[in-house]
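A look at the structure
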Number of protein chains: 2
Amino acid sequence: MKAHVWVMPKRTVLDPQGQTIQHALSSLGYAQISDVRQGKFFVLNLDGWSRDEAQQQLERISKEVLANPVIEEYRFEIVE
Amino acid sequence: MKAHVWVMPKRTVLDPQGQTIQHALSSLGYAQISDVRQGKFFVLNLDGWSRDEAQQQLERISKEVLANPVIEEYRFEIVE
């Protein structure tokens with residue numbers, strides 16, 4: 001089983017990496033890109049959990065290890 | 001219009017961040033997580049492009065700015 005986890009800075013949190021990329025694109029002539037947000041994406045291989053267990057454990061792993069819930073939000077999807 | 005871009009280390013490239021997370025999870029008791037790959041996820045706001053133009057421009061932006069095609073692979077999706 002595989003899981004995909006997305007971790008993004010919260011809307012209310014500045015995203016300097018995203019801003020830097022937006023400025024770079026703007027100076028390269030891509031004025032159509034009005035905003036960039038950068039986050040993290042994880043692909044996890046899971047073995048030996050039922051789908052329900054995986055759902056519960058991924059909630060914990062996302063909250064406690066992959067994301068910092070003070071400044072980041074996360075979502076995950078179990079695939080395969 | 002919005003676009004989502006995923007940038008991941010190529011299969012053949014070591015992913016030290018992913019490995020570090022996998023080891024951390026393993027030492028926290030999550031032995032069921034056998035592999036972790038970490039990549040980047042971008043959300044771009046686009047204005048003033050048709051869907052076809054956006055498709056072409058995103059291909060260039062992904063290849064030339066967001067990813068390093070020597071060691072990373074990318075994919076993107078236009079949403080909304």
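Residues numbered from 1 in each chain as written. Chains lettered and ligands numbered in written order. Predicted model: local features only at pLDDT ≥ 70, side-chain atom pairs only at ≥ 80, totals over all residues. Heavy atoms only, no water.

1. Some thoughts on the layout of surface pockets
Let me state the cut-off plainly: Think of a 1 Å grid over just the protein atoms. A cavity is a set of points where a 1.4 Å probe fits yet cannot get out, a pocket is an open set with protein on both sides within 12 Å along at least five of seven lines, and lining residues have an atom within 4 Å of a point. Grid points are joined across faces, edges and corners, and a volume is the space filled by probe spheres set on the points. Secondary structure elements are taken from DSSP: a helix is a run of H or I of four residues or more, a strand is a run of E of two residues or more, and numbering for both begins at the N terminus. Under this grouping Gly is polar, as are all residues other than the nonpolar Ala, Val, Leu, Ile, Met, Phe, Trp, Tyr, Cys and Pro and the charged Asp, Glu, Lys and Arg.
If you add up the space inside the largest pocket, you get close to 360 Å³. Lining of the largest pocket is provided by 25 residues; of these, Gln-38, Gly-39 and Lys-40 of chain A together with Gln-38 and Lys-40 of chain B occupy positions nearest its centre. When contributions to the lining of the largest pocket are tallied by element, the ones reaching two or more residues are β1 (2-9), α1 (16-27) and β2 (33-46) of chain A together with β1 (2-9), α1 (16-27) and β2 (33-46) of chain B. Partitioning the lining of the largest pocket into residue classes produces 13 nonpolar, six polar and six charged.

2. Some points on the pairing of β1 of chain B
Residues and elements named next belong to chain B. As a reminder, the rule being used: Here's how the labels work: a residue is buried when its accessible area is under 20% of the maximum for its type, exposed when over 50%, partly exposed in between, all with a 1.4 Å probe on protein chains only. Following DSSP output, two strands are said to pair if at least two bridges run between them.
Counting buried positions along β1 gives seven out of eight residues, so the element sits mostly inside the fold. With six bridges joining them, β1 and β2 adopt antiparallel strand pairing. Counterpart to His-4 in the pairing with β2 is Val-43. Where β1 and strand β3 (residues 72-79) come together, eight bridges link them in antiparallel fashion.

3. Section: the pairing of β2 of chain A
The element β2 of chain A is extensively covered by neighbouring structure, given that ten of its 14 residues are classed as buried. Across 13 bridges, β2 of chain A lies against β2 of chain B in antiparallel orientation. Residue pairing in the sheet places Leu-46 of chain A in a bridge with Ile-33 of chain B of β2 of chain B.

4. Notes on the interface of chain A and chain B
Under the convention used in this document: Contacts are residue-level and defined by heavy atoms, with any inter-residue pair within 4.5 Å sufficient. Simply put, the buried area is the total loss of 1.4 Å probe accessible area from both parts when two parts are fitted together. Polar contact criterion, stated in full: a pair of N or O atoms within 3.5 Å, where within protein one must be able to donate a hydrogen and the other to accept it, and residues adjacent in sequence count only if both atoms are side-chain atoms.
Contact with chain A, which involves 28 residues of that partner, is made by 28 residues of chain B. Regarding the contact of chain A and chain B, the summed buried area is about 2700 Å², with carbon and sulfur atoms giving 62% of it. Summed over the three residues of chain A that lose the most area to chain B, namely Tyr-30, Gln-32 and Phe-41 of chain A, the buried surface amounts to 22% of that side. Our count for the chain A to chain B interface comes out at 13 residue pairs in polar contact (both at pLDDT 80 or more).

5. What to know about the sheet that holds β1 of chain A
What links the strands of a sheet is backbone hydrogen bonding, and the strands pair in either a parallel or an antiparallel sense. The line we're drawing: Where helices are involved, their axes are fitted lines through C-alpha atoms of the stretch in contact, as for all axes, and angles between N-to-C directions lie from 0 to 180°.
Read from one edge to the other, the open sheet built from six strands follows the order β3(A)-β1(A)-β2(A)-β2(B)-β1(B)-β3(B), with strand pairing classed as antiparallel. The two strands at the open ends of the sheet, each matched to only one other strand, are β3 (72-79) of chain A together with β3 of chain B. Between one strand and the next, the sheet's axes are offset by a mean angle of 20°, whatever the strand orientation. Running over the sheet, helix α2 (residues 51-66) of chain A touches β1, β2 and β3 of chain A together with β2 of chain B and is turned about 155° from β3 of chain A. Contacting β2 of chain A together with β2 of chain B, α1 of chain B runs over the sheet at an angle of about 130° to β2 of chain B.

6. Overview of the pattern of salt bridges
Residue and element names in this part refer to chain B. Where we set the bar: Should a side-chain nitrogen of Lys or Arg be within 4 Å of a carboxyl oxygen of Asp or Glu, the pair is scored as a salt bridge.
Applying the stated criterion to the full structure yields four salt bridges over all chains. The shortest N-O distance in the salt bridge between Glu-72 and Lys-40 comes to 3.6 Å. Highlighted residues: Glu-72 in strand β3 and Lys-40 in strand β2, separated in sequence by 32 residues. Residue classification places Lys-40 among the partly exposed residues on the basis of a relative accessible area of 26%.

7. Considerations on the relation of the copies chain A and chain B
The condition that has to hold: When the copies are superposed, the least-squares fit draws on C-alpha atoms of residues that have pLDDT of at least 70 in both.
Note on the identical chains: chain A maps onto chain B by a rotation of 180° and an axial translation of 0.0 Å, with an RMSD of 0.0 Å. Such values leave the two copies arranged in the relation of a two-fold axis. Residue Lys-40 of chain A of chain A places its C-alpha closer to the rotation axis than any other residue of that unit, at 2.3 Å.

8. Digging into the packing of aromatic side chains
Aromatic rings considered in pairs are described by the distance between their centres and by the relative angle of their planes. Rules: By convention, a stacked pair of Phe, Tyr or Trp rings (six-membered ring in the case of Trp) has centres within 6.5 Å and planes under 30 degrees apart, an edge-to-face pair has planes over 60 apart, and any other such pair is tilted. Charge-over-ring placement is defined geometrically: NZ (Lys) or CZ (Arg) within 6 Å of the ring centre, and within 35 degrees of the ring normal.
Within the structure shown, the criterion is met by six aromatic pairs over all chains. Measuring from centroid to centroid gives 6.2 Å for Trp-6 of chain A and Phe-41 of chain B, while their planes differ by 75°, and the two rings are edge-to-face. Separated into two different chains, Trp-6 of chain A in strand β1 and Phe-41 of chain B in strand β2 make up a pair that spans both. For the pair Trp-6 of chain A and Phe-41 of chain B, a shared accessibility class is recorded, and that class is buried. Cluster of aromatic residues (ring-pair linked, three or more members): Trp-6 and Phe-41 of chain A together with Trp-6 and Phe-41 of chain B. One Lys or Arg, Arg-75 of chain A, reaches over the ring of Trp-6 of chain A and ends 4.0 Å from the middle of that ring.

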